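Chain by chain, the residues:
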Amino acid sequence: TLFVPDGFLTRLTEGYYLAAIVPIFTSIFLHAGLPHLAGNMLFLYIFGDNMEDRLDPRRYQVFYLVGGTAGVVVQGDAAASASAPMIGASIAIAALFGGCLLLFP
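S.K.: Sorry if this is basic, but what is going on with the overall build of the chain here?
M.R.: Of the regular secondary structure elements, the chain holds five helices and zero strands. Going residue by residue from the N terminus, the α and β elements of the chain occur as α-α-α-α-α. In terms of overall dimensions, the chain has a C-alpha envelope of 45 × 30 × 20 Å along the principal axes. Split into buried and exposed, the 105 residues of the chain put 30% on the buried side. Counting contacts in the chain only where the partners sit at least 6 residues apart, residues at least 24 apart contribute 74% of the total. Surface accessibility of the chain: about 6,500 Å² in total, with carbon and sulfur atoms responsible for 69%. Considering the chain, the positive charge centre built from 4 side chains and the negative charge centre built from 7 side chains are found 7 Å apart.

S.K.: Which parts of the structure should I look at to understand the side chain of threonine 69?
M.R.: On the secondary structure map, threonine 69 appears in helix H4 (residues 57-78). With residues near it in sequence (within four places) discarded, threonine 69 still touches Ile24, Phe25 and Ile28.

S.K.: What is the right way to look at the environment of glycine 71 in this model?
M.R.: The residue glycine 71 is located in helix H4 in this model. Each C-alpha atom, one on glycine 71 and one on valine 4, is 14 Å from the other, the two residues being 67 residues apart in sequence.

S.K.: Looking at this structure, I do not really get the packing of helix H3 (residues 34-54) against helix H5 (residues 89-103). What am I missing?
M.R.: Pairs of packed helices are described in terms of their axes, by the angle between the two and the distance that separates them. Orientation of H3 relative to H5, taken along the N-to-C sense of each, is 35 degrees, at an axis distance of 9 Å. Note on packing geometry: the crossing formed by H3 with H5 is left-handed. Here His36, Asn40, Phe43, Leu44, Phe47, Met51 and Arg54 of H3 lie close against H5, whose contacting residues are Ala89, Ser90, Ile93, Leu96, Phe97, Gly99, Cys100 and Leu103. Across the contact of H3 with H5, the residue classes tally to ten nonpolar, four polar and one charged.

S.K.: I tried to follow the nonpolar core on my own but got confused; where do I start?
M.R.: One broad trend across soluble globular proteins is that nonpolar side chains are buried collectively. By size, the foremost hydrophobic cluster in this structure holds 16 residues, and its most contacted members are Phe3, Met51, Tyr64, Val72 and Leu96. When contributions to this core are tallied by element, the ones reaching two or more residues are helix H2 (17-27), H4 and H5. Here leucine 96 is in contact with Leu44, Met51, Tyr60, Phe63 and Tyr64, once residues within four sequence places are set aside.

Parameters and conventions
- Every chain begins its residue count from 1, and numbering advances along the sequence as written.
- Local features in a predicted model are, by the rule used here, given only for residues with pLDDT of at least 70; side-chain atom pairs are given and counted only at 80 or more, and totals for whole chains, interfaces and linings are based on all residues.
- Where side-chain values are given, they derive from all heavy atoms of the structure, hydrogens and water being excluded.
- Counting from the N terminus, the helices are the DSSP runs of H or I reaching at least four residues and the strands are the DSSP runs of E reaching at least two.
- Each residue gets one of three labels from its accessible area relative to the maximum for its type: buried under 20%, exposed over 50%, partly exposed in between, using a 1.4 Å probe on protein chains only.
- In this description, contact between two residues means that some pair of their heavy atoms is separated by no more than 4.5 Å.
- Working definition of accessibility: Shrake-Rupley area with a 1.4 Å probe, residue cover restricted to the visible protein chains.
- Positive charges come from Lys and Arg alone, negative charges from Asp and Glu alone, with His and the N- and C-terminal ends not counted.
- Every charge is mapped onto a representative atom, which is NZ of Lys, CZ of Arg, CG of Asp or CD of Glu.
- What counts as an axis is a line fitted to C-alpha atoms, over the stretch in contact for a helix, and the angles between N-to-C directions run from 0 to 180 degrees.
- Handedness of a crossing follows from how the near helix is turned relative to the far one, being left-handed for an anticlockwise turn of less than a right angle and right-handed for a clockwise one.
- Residues are grouped as follows: Ala, Val, Leu, Ile, Met, Phe, Trp, Tyr, Cys and Pro are nonpolar; Asp, Glu, Lys and Arg are charged; all remaining types, including Gly, are polar.
- Side-chain atoms within 4.5 Å link the members of a nonpolar core, which is a set of buried Ala, Val, Leu, Ile, Met, Phe, Trp, Tyr and Cys residues.

Now the structure itself:
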């Protein structure tokens, strides 16, 4: 399922918490096409291994999920009335990039 900001707020207010939260995590792994996937994989290859070396693999996974989730929630809040689905894979990659900037200035 895709994350739709307008649908997210509707599901939350109606009490469908699981139906509101699951699309946040699924959108973190979605891409808009092969060029989008290739670009994200390139950035993941360049920056992801440094982060995984500094953190351990488990903490790296948690960082990716928390960063992606935070990005989707912030973007969803900024466009709360949007009815178009969001793809959040680049948000998670941006969180890794931000982590690299903090850990490797």
